[in-house]
Amino acid sequence: MDDKQRRLLGDVARTARLRLGLTQSEVAERVMLQTGVYGRIERGGMTPSVNSLRRICTTLDLSSDELLCLSAPSIEKVKVRSKAPPPAVGEDPELSRIIHLLQDWPSERLALLRKLLGAADSVL
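As the structure is a computational prediction, the values presented were derived from the model and not from experiment.

Definitions and cut-offs
Residues numbered from 1 in each chain as written. Predicted model: local features only at pLDDT ≥ 70, side-chain atom pairs only at ≥ 80, totals over all residues. Heavy atoms only, no water. Helix = DSSP H or I, 4+ residues; strand = E, 2+ residues; numbered from the N terminus. Buried < 20%, exposed > 50% of the residue type's maximum accessible area, 1.4 Å probe, protein only. Axes fitted to C-alpha atoms, helices over the stretch in contact; angles between N-to-C directions. Parallel < 35°, antiparallel > 145°, perpendicular 65-115°, else oblique. Contact = heavy atoms within 4.5 Å. Nonpolar A, V, L, I, M, F, W, Y, C, P; charged D, E, K, R; others polar. Expected span 1.5 Å × (residues − 1). Polar contact = N/O pair within 3.5 Å; in protein donor to acceptor, adjacent residues only side chain to side chain. Left-handed = near helix turned anticlockwise from the far one by under 90°. Core = buried A, V, L, I, M, F, W, Y, C linked by side-chain atoms within 4.5 Å.

A. Focus on unusual backbone geometry. A positive phi angle, near 65 degrees, is found at M32, a position not held by glycine. Here M32 shows up in the loop between α2 (24–31) and α3 (35–42). For M32, a relative accessible area of 59% corresponds to the exposed category. The phi dihedral of C69 is positive, around 60 degrees, even though this residue is not glycine. Looking at where C69 falls in the secondary structure, it is placed in the loop between α5 (64–67) and α6 (75–78).

Okay, structure coming up:
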């Protein structure tokens, strides 16, 4: 993989990560890489192994063709989500972040999530 391809892969990964509202550290943890290593991948300074590439695709909800710039990402995947605003005074930061992530979800997905949360709550 040449420098240009690595930079393109890094740009696609960064855009997808921001779209999901994740930090580099969060993606690195899910992909089982050190944060600095994942950061180098996003900056185009490093080519991920095949196994890491697969985990990056899964984590960022991308096909390998999209990540490797062999096909255009679907339009829903292009939108970059803005950073979550700071939580209100007394509000749990995690709750604030979850609310921010769910703002663009369609009502059908929100209804399904509510049912899943209700089921999980009854088990706990």
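B. Structural detail: the packing of helix α1 (residues 3–19) against α3. It is the contact of α1 with α3, at a shortest axis distance of 7 Å, that shows an interaxial angle of 115 degrees. Considered as vectors, α1 and α3 are oriented roughly perpendicular to each other. In this structure, α1 uses R6, L9, G10, D11, A13, R14 and R17 to contact α3, whose residues at the interface are Y38, I41 and E42. Of the residues belonging to the contact of α1 with α3, the class tally is four nonpolar, one polar and five charged.

C. Summary view of α1. Over its 17 residues, α1 runs 24 Å from end to end, which matches the ideal 24 Å to within 8%, given 1.5 Å per residue. Within the sequence span of α1, burial applies to R6, L9, G10, A13, A16, R17 and R19. The distance from a side-chain oxygen at the start of α1 to the backbone nitrogen of K4 is 3.2 Å, and the residue carrying that oxygen is D2. Just downstream of α1, G21 is the residue with a positive phi angle, here 70 degrees.

D. Quick peek at the packing of α2 against helix α4 (residues 50–60). Contact pair α2 / α4: the axes reach a minimum separation of 9 Å and the direction vectors enclose 125 degrees. In terms of orientation, α2 and α4 fall into the oblique class. α4 is crossed by α2, and the crossing has right-handed handedness. On the side of α2, the interface is formed by V27, R30 and V31, while α4 contributes S52, R55, I56, T59 and L60.

E. Layout of the nonpolar core. Of all hydrophobic cores here, the largest spans 17 residues; its most connected members are V27, Y38, I56, L60 and L67. Of all the secondary-structure elements, those providing two or more residues to this core are α1, α2, α3 and α4. With four residues, α4 is the single largest residue contributor to this core. Beyond its immediate sequence surroundings of up to four residues, L60 is in contact with A13, A16, R17, R19, L20, V27 and Y38.

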